[in-house]
Amino acid sequence: MTVDATADLYDQHLESLQCCETQFRNYGGRPAFHGPATTVRCFQDNALLKSILSTAGNGGVLVVDGGGSLHTALMGDLIGQLGVDNGWAGIVINGAVRDTALLADMDLGVKALGSIPRKSAKTGAGERDAVITFGGATFTTGDHVWCDADGVVALPV
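### Focus: the layout of surface pockets
In this approach the atoms are scanned with a rolling probe the size of a water molecule, which exposes any empty space left behind.
Phase 1 of the analysis: In this structure, the largest pocket occupies an estimated 220 Å³ of space.
Phase 2 of the analysis: As for the largest pocket, its lining consists of 14 residues, and the residues nearest its centre are Asn46, Leu78, Ile79, Arg98 and Lys122.
Phase 3 of the analysis: Of all the secondary structure elements, the ones that give two or more residues to the lining of the largest pocket are α2 (47-53), β5 (73-75) and α3 (77-85).
Phase 4 of the analysis: The element contributing the most residues to the lining of the largest pocket is α3, with three residues.
Phase 5 of the analysis: Taken together, the residues of the lining of the largest pocket sort by class into five nonpolar, three polar and six charged.

The following block contains the structure:
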């Protein structure tokens, strides 16, 4: 899969491109990925995230606003495998992950703030298709998102 470089996309679109300033780390086995966004807002609870990744991803990118929390992991190897099995290109998490050695072997892009072994709650709290903002960028379901070693950008629909 060829992915346009985020720096080239920025040069082409300039300020019409949302450029996320958050300094994510790569955790997945796919270092560059892109696709249409599905957004979710959830704080220290990953039941909604798991539910979404259990559906057909069609090469999409799940963008998760976890409030920047590093207290619990919103995704680990089991939820990551759901993403692989259901055709998601990748996941961007404004929060933490766990099982990082296993995530690194998956054909899935994973960007997150950090890692922690503590698992999250599973009550289903959160909101799907929310307009979310972090790192100075706003993400809406349907935007096209690109991720690589330089960062995360989105082109609004």
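### Concerning the pattern of salt bridges
Phase 1 of the analysis: All told, the structure shown has four salt bridges when counted by the stated rule.
Phase 2 of the analysis: Arg30 serves as the salt-bridge partner of Asp107, at 3.1 Å between the closest nitrogen and oxygen. One end of the pair, Asp107, is in the loop between α4 (100-103) and β7 (109-115); the other, Arg30, is in the loop between β2 (25-26) and β3 (33-41), with 77 residues separating them in the sequence.
Phase 3 of the analysis: We classify Arg30 as buried; its relative accessible area is 17%.
Phase 4 of the analysis: In this structure, Asp129 and Arg128 form a salt bridge, with 3.8 Å as the shortest nitrogen-oxygen distance.

### Thoughts on the pairing of strand β4 (residues 61-65)
Successive side chains on a regular strand alternate, one facing one side of the sheet and the next facing the other.
Phase 1 of the analysis: In terms of residue burial, β4 counts as a mostly covered element, since five of its five residues are buried.
Phase 2 of the analysis: Side-chain alternation along β4 places Val61, Val63 and Asp65 on one buried face and Leu62 and Val64 on a second face that is also buried.
Phase 3 of the analysis: Two strands pair when backbone bridges link them, and β3 and β4 are joined in this way by five bridges, in the parallel orientation. Looking at β4, one finds that Thr39 is bridged to Val63.
Phase 4 of the analysis: Where the polypeptide runs from β3 across α2 and back to β4, its parallel neighbour, the crossover connection is right-handed.
Phase 5 of the analysis: Relative to strand β6 (residues 90-97), β4 runs parallel, the two being bridged by five bridges. Bridge assignment links Val64 to a residue of β6, and that residue is Ile93.

Rules used in this analysis
Residues numbered from 1 in each chain as written. Predicted model: local features only at pLDDT ≥ 70, side-chain atom pairs only at ≥ 80, totals over all residues. Heavy atoms only, no water. 1 Å grid on protein atoms, 1.4 Å probe; cavity = no way out; pocket = protein on both sides within 12 Å on 5 of 7 lines; lining within 4 Å. Points joined across faces, edges and corners; volume = space filled by probe spheres on them. Helix = DSSP H or I, 4+ residues; strand = E, 2+ residues; numbered from the N terminus. Nonpolar A, V, L, I, M, F, W, Y, C, P; charged D, E, K, R; others polar. Salt bridge = Lys/Arg side-chain N within 4 Å of Asp/Glu carboxyl O. Buried < 20%, exposed > 50% of the residue type's maximum accessible area, 1.4 Å probe, protein only. Pairing = 2+ DSSP bridges. Right-handed = clockwise from strand over helix to strand, strands pointing away.

By themselves these figures say nothing about function.
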